[in-house]
Each structure stands twice: as structure tokens, then as C-alpha cells.
Amino acid sequence: VALKRMLNFNVPPVKNSTGEPVWKVLIYDRFGQDIISPLLSVKELRDMGITLHLLLHSDRDAIPDVPAVYFVMPTEENIDRMCQDLRNQLYESYYLNFISAISRSKLEDIANAAIGANAVTQVAKVFDQYLNFITLEDDMFVLCNQNKELVSYRAINRPDITDTEMETIMDTIVDSLFCFFVTLGAIPIIRCSRGTAAEMVAVKLDKKLRENLRDARNSLFTGDTLGAGQFSFQRPLLVLVDRNIDLATPLHHTWTYQALVHDVLDFHLNRVNLEESSGTESTPAGARPKKKNKKSYDLTISDKFWQKHKGSPFPEVAESVQQELESYRAQEDEVKRLKSIMGIEGEDEGAISMLSDNTAKLTSAVSSLPELLEKKRLIDLHTNVATAVLEHIKSRKLDVYFEYEEKIMSKSTLDKSLLDMISDPDAGTPEDKMRLFLIYYISSAQAPSEIDLEQYKKALMDAGCNLAPLSYIKQWKAFAKMASAPTSYGNAAPKPLGLFSRVMNTGSQFVMEGVKNLVLKQQNLPVTRILDNLMEMKSNPETDDYRYFDPKMLRGSDSSVPRNKNPFQEAIVFVVGGGNYIEYQNLIDYIKGKQGKHVLYGCSELFNATQFIKQV
């Protein structure tokens with residue numbers, strides 16, 4: 001909503017205006033591009049009158065009779081370039097929107113350039129948009145994508161980090177969170193664990209919100225924006241969690257569609273990139289191997305299949321794609337059948353009465369064509385994506401890994417020794433094995449003895465694993481042990497459900513032989529459990545000493561005692577140090593069971609296990 005308003009020159013778009021939109025160009029930097037692209041398609045931009053969208057630092061031609069909307073970060077180089085645009089008189093008028101608040105001195109630079117270029121009248125509006133975060137779903141956001149290594153897990157947990165570096169990282173995170181709440185139009189009540197990076201974020205965010213509320217003239221939380229958010233009269237709860245409370249989940253193999261796509265494919269800002277294999281025909285000797293086609297698909301809010309199934313276990317997804325395909329074929333056949341009837345020759349009575357009856361049918365069939373084509377596009381898209389995921393599951397035996405890790409995490413009995421899993425040359429990549437071992441190491445109450453550890457290490461090295469992450473996890477575990485008891489992951493292992501019913505039919509697109517049909521049991525991961533305690537005001541040793549901040553109170557008090565004793569209706573969980581789709585899905589599943597409650601999940605960056613292992 002905020003973006004559409006900005007693109008409409010910062011006035012709310014009128015719903016039923018019939019006139020043409022005002023044509024304009026949109027100039028953004030990489031940050032702006034990342035914020036807009038998951039939310040608005042090129043078509044939607046065009047509907048809002050945007051004919052061209054260009055990067056600020058590309059070579060742009062002058063278009064003298066068109067207004068330009070800028071959406072950029074207030075950095076030195078961006079501002080220099082904007083001043084240059086003013087001097088070159090590129091556009092008719094300039095609407096300058098900054099993703100994050102611009103400083104006084106930089107504003108003066110722009111003003112001076114405008115005076116120098118005699119363009120003061122052309123700078124129509126200058127706005128701080130406070131949109132420095134990326135929304136990936138209606139209930140999920142991530143801080144940034146450009147320069148994300150600056151706020152990564154590794155950056156926060158480096159042993160040699162200086163205080164000033166840590167301050168900078170925390171300020172970056174807080175700036176984005178502040179933008180998030182300005183856009184939401186709500187002041188949260190903040191809870192966080194003690195002695196972690198999450199606590200530093202909480203203290204700074206509390207201070208920033210407090211200062212903004214004190215400054216009555218310039219407060220961003222005044223009447224008109226407050227309550228405009230989706231939030232009711234009750235304030236939301238913000239739970240700040242540190243990644244270090246649970247390092248097993250980011251390494252865990254997964255079984256739901258969205259998390260699998262993120263784990264095994266190249267899935268980034270809601271777009272998945274696939275390499276298409278170019279058929280199986282052999283290339284003649286000496287010929288150059290065929291180049292693989294790269295294809296990218298957007299998995300967005302408007303994709304109904306994705307919205308419905310992104311949290312489903314993979315076998316269910318394969319079955320649903322198959323069902324969609326069958327219903328599409330039936331519709332297609334109906335259209336073909338009608339066409340052949342319409343081609344009837346001869347004047348006999350029967351044909352004529354059939355004709356009038358079928359004309360109506362055909363009319364409805366034709367009017368449903370665009371819908372059919374869209375359906376076909378989505379079916380093809382998910383067939384391709386699901387097939388790519390399936391190849392990984394089969395070649396790396398991911399179902400076996402998922403089941404085994406769930407058993408480890410829920411302390412069930414294991415049917416196969418860990419050493420066998422690691423030494424099995426057919427199961428998984430070296431990285432899969434490393435992930436499995438790290439989860440075992442993190443989840444075990446007692447660390448394995450030195451002798452066992454050596455044995456595991458040897459097996460891991462023989463399997464080609466990089467052992468670097470283990471030394472970090474070892475230190476982390478020793479440190480975490482002093483801090484708290486190991487986290488529990490519930491105690492329900494997934495149950496295999498007989499063979500696949502429909503998918504095992506020979507006619508299916510997906511050859512699922514040998515893949516287990518695992519059914520998930522809902523159990524709360526640590527992050528979800530913490531949220532449950534704080535949202536429902538349950539007393540629990542895990543969360544009882546969480547700090548409590550209320551930026552609206554005049555004096556900040558350092559207490560763990562919540563003022564408000566009622567359960568919350570709305571909550572935002574934010575993981576400092578990075579999050580993943582497994583946790584997101586777990587929260588969504590948890591909140592489904594709670595009538596009328598909402599949860600948003602946010603994280604400083606979104607990583608899959610491969611990216612996470614590299615940081616450890």
C-alpha cells in the first residue's frame with residue numbers, strides 16, 4: 001500500500017477513477033529494486049502509469065516532459081547522481097523518495113544543486129518513505145538483500161568483532177525495524193532474551209521509538225497513520241530472538257514445498273532459477289555439449305497454487321499438481337469437443353437443436369479461455385519446479401535425511417546408526433552428511449566422547465566433508481551449555497503413510513518410487529515455543545526472564561515483569577542473525593490453530609542450510 005501511494009506521487013490512489021494514469025518514470029537503486037520486485041509486477045507498475053523503470057546509476061536519456069519518481073537509499077553516491085540529473089535537466093519534475101531517512105546535510109546538498117541548476121520549482125516533493133525492509137509474503141519480511149553480509153550471522157558472531165562494528169550492525173538492523181513499525185503504524189511492546197545480540201537490538205529500538213514519540217511535532221506515529229495499519233486497538237508484541245538459541249533448525253532437511261525449494265534450488269526474493277536439462281538425446285561425438293537453458297519463475301502472492309500448497313509436505317504437492325493437470329485436461333477436451341460439434345454440416349433437425357444448445361456452452365468455454373491459459377501456466381511452472389525438487393530428493397535421499405534428523409531432534413529410537421548414514425556413499429552430498437552430524441551434535445544432551453568423535457570425524461572426512469563448521473559448533477555448544485539447557489524439539493517423529501495413492505498410478509508426471517510418503521506432525525520449534533509463551537502470557541523458565549520494553553512509557557524500566565497481563569492478538573517474531581522458511585512455516589501452522597490471531601515472521605537475512613554452513 002505504501003509503495004502504491006508513493007508511485008501515485010504520495011497521494012492514496014483513487015479506486016474508481018476511469019481516466020488514464022499519469023505517465024511517469026521510476027528511478028530506483030538496487031535497494032529500491034529489491035523492495036519493489038517481490039511486491040509489484042511489471043504489469044502492475046504499468047497499470048499505475050510507470051512506463052519505464054531504470055536503475056539510478058545506469059545511462060539514462062533525458063525525457064523532458066515526464067515526471068520522475070525516485071526511490072533510493074540516501075547514500076553519498078546516489079545523491080551526487082540525483083544532483084547531476086537536476087543539472088542535466090533530465091525530467092519535467094522530480095519526486096524524491098528516500099527508502100530510509102535522509103540527513104539534514106544531504107538534503108542541503110540537493111537543495112544547493114537545485115538552486116545551481118535553476119530547478120527548484122521542478123523538485124515537487126521530497127519524502128522519507130521508511131520502507132527499508134523487504135516484504136516477501138503477507139506475513140514475512142527480511143531486512144535487506146544488498147550488502148547483507150554486513151548484518152549476517154557471521155558478522156554478528158565473529159569472535160574478533162569490535163564494539164564500534166557491533167554498534168554499526170545493530171544500528172542497521174534497528175533502522176530497518178523502525179521503518180517496519182512506521183509502515184505498520186504501530187508501537188510494539190518489545191520482549192527479548194538477555195545477554196544476546198537480540199537484547200542490543202531491543203535497547204536501541206526502544207530508544208529510537210521513544211525519541212520519535214517524544215518529538216511531538218515530527219512524530220511518525222501520529223493520528224492519521226496510527227490505526228491505519230492492519231492492527232486493531234491492541235498493540236502488537238515484538239519478540240526479538242537470537243539465532244543462537246536454535247542452530248539445528250537452519251541446518252535441518254525439510255519436507256514442505258516452499259522450504260524445500262529454498263533448500264535445494266536457487267530461490268531468492270520469491271524468484272526461483274532453474275537449469276533446464278535439454279532432453280536425453282546423446283550429443284554426437286566431438287560436438288559441443290548443449291548449453292543448459294536457464295529459466296526463472298516468480299512464486300508470488302497471485303499464484304493460487306503456491307499460496308495453497310507452499311506449506312504442504314512434498315508428496316501432497318506432487319499429488320495436487322497431478323490433480324490440477326487432470327482437471328485442466330478435462331476442461332481442454334470439453335472445448336475441443338464443442339469445436340468439433342460446431343463444425344457439423346447438413347441441415348438435419350438434430351444438429352440445429354444441438355447447435356443452439358452448444359452455442360451457449362461454447363460462449364462460456366471461450367470466456368473461460370484466459371483463465372484456462374493462466375491455469376496451464378501455473379501447472380507447467382509447478383510441474384517444472386516440483387520435478388527439479390524431486391530430482392534432488394531422489395538423488396540425495398532427502399526423505400531419509402529428513403526422517404532421521406526428525407528422530408534425532410525428537411529423541412526417538414534410530415533404526416540405523418549415524419556412522420552408517422555418514423559412510424553410505426549413495427546417500428546425500430558431503431554437505432548433507434555434515435548437516436546431519438551437526439544436528440546430532442547440537443541435539444545430543446551429552447557431547448560424544450573424544451573416541452567416538454574421532455571416529456565420526458574420520459567418516460566425515462572420508463565422505464569429503466569440510467569439518468570447519470564443527471569447530472564453531474563445538475565452541476557454541478560449550479558456551480550455550482553454560483547459558484542454558486539444550487532446546488527441545490517436541491517428541492513426535494514423522495510417520496510414513498503407506499505408498500502414494502494417486503501418484504503411484506503409472507500415468508503420473510512424477511515418478512515417486514522409493515520416496516517415502518512422510519506425514520508431518522505439528523510440533524513447535526524453539527522459536528514458536530518462545531512466541532507461544534510470550535503471546536499467551538504463559539509462565540515458563542525458558543522465557544520468564546525475557547526483558548520487557550514499552551516505548552510508550554515515560555521512563556524506560558529494566559524489568560522482566562510485563563505490565564499487560566492479557567494475551568496478545570498480534571505478534572511479530574524477529575530473528576536477529578537470520579531465519580529460514582522452516583521456522584516461518586512452523587509459526588504459520590501454529591497460528592492457524594489460534595482464532596483471530598496473527599503472526600509476522602521477520603529476520604535479518606534469509607538463508608538456507610548451504611548458505612548457513614558457510615557462515616558457521
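Numbers given to residues run from 1 along each chain, matching the order in which its sequence is written. Two thresholds apply to this predicted model, a pLDDT of at least 70 for residue-level local features and 80 or more for giving and counting side-chain atom pairs, whereas whole-chain, interface and lining totals are computed over all residues. Neither water nor hydrogens contribute to the side-chain values; these are computed over all heavy atoms in the structure.

### Points about the overall build of the protein
Reasoning step 1: Elements are defined by DSSP. Helices are runs of H or I of four residues or more, strands are runs of E of two residues or more, and each kind is numbered from the N terminus. In terms of regular secondary structure, the protein is built from 21 helices and 17 strands.
Reasoning step 2: Per-residue burial over the protein gives 49% buried out of 616 residues.
Reasoning step 3: Here the protein has roughly 30,200 Å² of accessible surface; of this, 54% comes from carbon and sulfur atoms. Exposure classes here rest on a 1.4 Å probe applied to the protein chains alone. A residue is buried below 20% of its type maximum, exposed above 50%, and partly exposed in between. In these tables, accessible area is a Shrake-Rupley quantity obtained with a 1.4 Å probe, and a residue counts as shielded only by the protein chains included in the view.

### Digging into the packing of aromatic side chains
Reasoning step 1: Two rings from Phe, Tyr or Trp (for Trp, the six-membered ring) form a pair when their centres are within 6.5 Å of each other. A pair whose planes differ by under 30 degrees is stacked, one over 60 is edge-to-face, and the rest are tilted. Taken as a whole and assessed by the stated rule, the structure comprises 24 aromatic pairs.
Reasoning step 2: Judged by centre distance (6.2 Å) and plane angle (35°), the rings of Tyr70 and Tyr94 are tilted. Of this pair, Tyr70 sits in strand S3 (residues 63–72) while Tyr94 sits in strand S4 (residues 91–98), placing them 24 residues apart in sequence.
Reasoning step 3: We classify Tyr94 as buried; its relative accessible area is 1%.
Reasoning step 4: Ring plane angle 10° and centroid distance 5.9 Å describe the contact between Trp255 and Phe402, whose orientation is recorded as stacked. In this pair, Trp255 is assigned in the loop between strand S9 (237–242) and helix H9 (257–264) and Phe402 in helix H14 (residues 398–409), connecting sequence segments 147 residues apart.
Reasoning step 5: Phe402 sits in the buried class, given a relative accessible area of 4%.

### Topic: the confidence of the model for the protein
Low-pLDDT portions of the prediction should not be read for the details of their coordinates.
Reasoning step 1: pLDDT expresses, on a scale from 0 to 100, how confident the predictor is about each individual residue. Counting all residues, the mean pLDDT for the protein is 84, and 84% of those residues have values of 70 or more.
Reasoning step 2: Predicted confidence is poor over residues 224–232, with pLDDT under 50, and the contacts of this stretch with residues over four places away or in other chains come to 13 contacts.
Reasoning step 3: When the criterion is pLDDT under 50, residues 497–507 qualifies, and its contacts beyond four places in sequence or with other chains add up to 21 contacts. Two residues qualify as a contact provided that any one of their heavy atoms is within 4.5 Å of a heavy atom in the partner residue.

### Focus on the sheet that holds strand S1 (residues 24–28)
Reasoning step 1: For two strands to be treated as a pair, DSSP must find no fewer than two bridges joining them. One open sheet accounts for five strands, arranged S2-S1-S3-S4-S5; its pairing is parallel. The strands lining the two open edges of the sheet, one partner per strand, are strand S2 (50–55) and strand S5 (123–128). Between one strand and the next, the sheet's axes are offset by a mean angle of 20°, whatever the strand orientation.
Reasoning step 2: Relative to S4, S3 runs parallel, the two sharing seven bridges. Its bridge partner being in S4, Phe71 is matched across the sheet by Asn97. Helix axes are fitted to C-alpha atoms over the stretch in contact, other axes to C-alpha atoms as well, and angles between N-to-C directions run from 0 to 180 degrees.

### Observations concerning the environment of Ile63
Reasoning step 1: By the element assignment, Ile63 lies in strand S3.
Reasoning step 2: Given a relative accessible area of 22%, Ile63 falls into the partly exposed group.
Reasoning step 3: Considering only alpha carbons, one finds Ile63 and Gln89, 26 residues apart in sequence, at a separation of 8.8 Å.
Reasoning step 4: Every residue in contact with Ile63, bar those within four places of it in the chain, is listed here: Val25, Leu52, Leu90, Tyr91 and Glu92.

### Some details on the pairing of S4
Put simply, side chains in a regular strand alternate between the two faces of the sheet.
Reasoning step 1: Within S4, seven of the eight residues are buried, leaving the element largely enclosed by the surrounding structure.
Reasoning step 2: Looking down the strands as they point away from you, a crossover is right-handed if its path from the first strand over the helix to the second goes clockwise. Between the parallel elements S3 and S4, the chain passes through helix H4 (residues 76–87) in a crossover that is right-handed.
Reasoning step 3: Looking at chain direction, S4 and S5 are connected through five bridges and run parallel. Within S5, the residue paired with Leu96 across the bridge is Val126.
Reasoning step 4: In this fold, the crossover linking S4 to S5 by way of helix H5 (residues 104–116) has right-handed handedness.

### With respect to empty space enclosed by the protein
Reasoning step 1: Definitions used throughout: a 1 Å grid over protein atoms alone; a cavity as a set of points that fits a 1.4 Å probe which cannot get out; a pocket as an open set with protein on both sides within 12 Å along at least five of seven lines; a lining residue as one with an atom within 4 Å of a point. Grid points are joined across faces, edges and corners, and a volume is the space filled by probe spheres set on the points. Taken as a whole and assessed by the stated rule, the structure comprises two cavities of 30 Å³ or more.
Reasoning step 2: Looking at the largest cavity, its volume works out to about 80 Å³.
Reasoning step 3: Along its surface, the largest cavity is lined by 13 residues, and Ala259, His262, Asp263, Ile582 and Asn608 are the ones closest to its centre.
Reasoning step 4: When residues in the lining of the largest cavity are grouped by element, the largest group, three residues, is from H9.
Reasoning step 5: Every residue along the wall of the second largest cavity is listed here: Phe31, Asp34, Ile35, Asn132, Phe133, Ile134, Leu143, Cys144 and Asn145.
Reasoning step 6: By residue number, the principal contributor to the lining of the second largest cavity is helix H2 (residues 30–36), which donates three residues.
Reasoning step 7: Across the lining of the second largest cavity, the residue classes break down as six nonpolar, two polar and one charged.
Reasoning step 8: Viewed by domain, the lining of the second largest cavity spans two of them, domain 1 (1–128) and domain 2 (132–246 + 525–615), each represented by three or more residues. Throughout this entry, Asp, Glu, Lys and Arg are counted as charged residues, while Ala, Val, Leu, Ile, Met, Phe, Trp, Tyr, Cys and Pro are counted as nonpolar. The remaining residues, Gly among them, count as polar. Bear in mind that the domain bounds are from an automatic or database domain assignment.

### Concerning the pattern of salt bridges
If charged atoms from side chains of opposite charge come close, those side chains can pair.
Reasoning step 1: Salt bridge, as applied in this entry: a Lys or Arg side-chain nitrogen positioned within 4 Å of an Asp or Glu carboxyl oxygen. In this structure the tally under the stated criterion is 30 salt bridges.
Reasoning step 2: In this structure, Arg235 and Asp550 form a salt bridge, with 2.7 Å as the shortest nitrogen-oxygen distance. With Arg235 in the loop between helix H8 (197–214) and S9 and Asp550 in the loop between strand S15 (547–549) and strand S16 (570–576), this pair connects stretches of sequence that are 315 residues apart.
Reasoning step 3: Using a relative accessible area of 11% as the deciding quantity, one classes Asp550 as buried.
Reasoning step 4: Through salt bridges with shared partners, a single network forms among Asp263, Arg396, Asp432 and Arg435.

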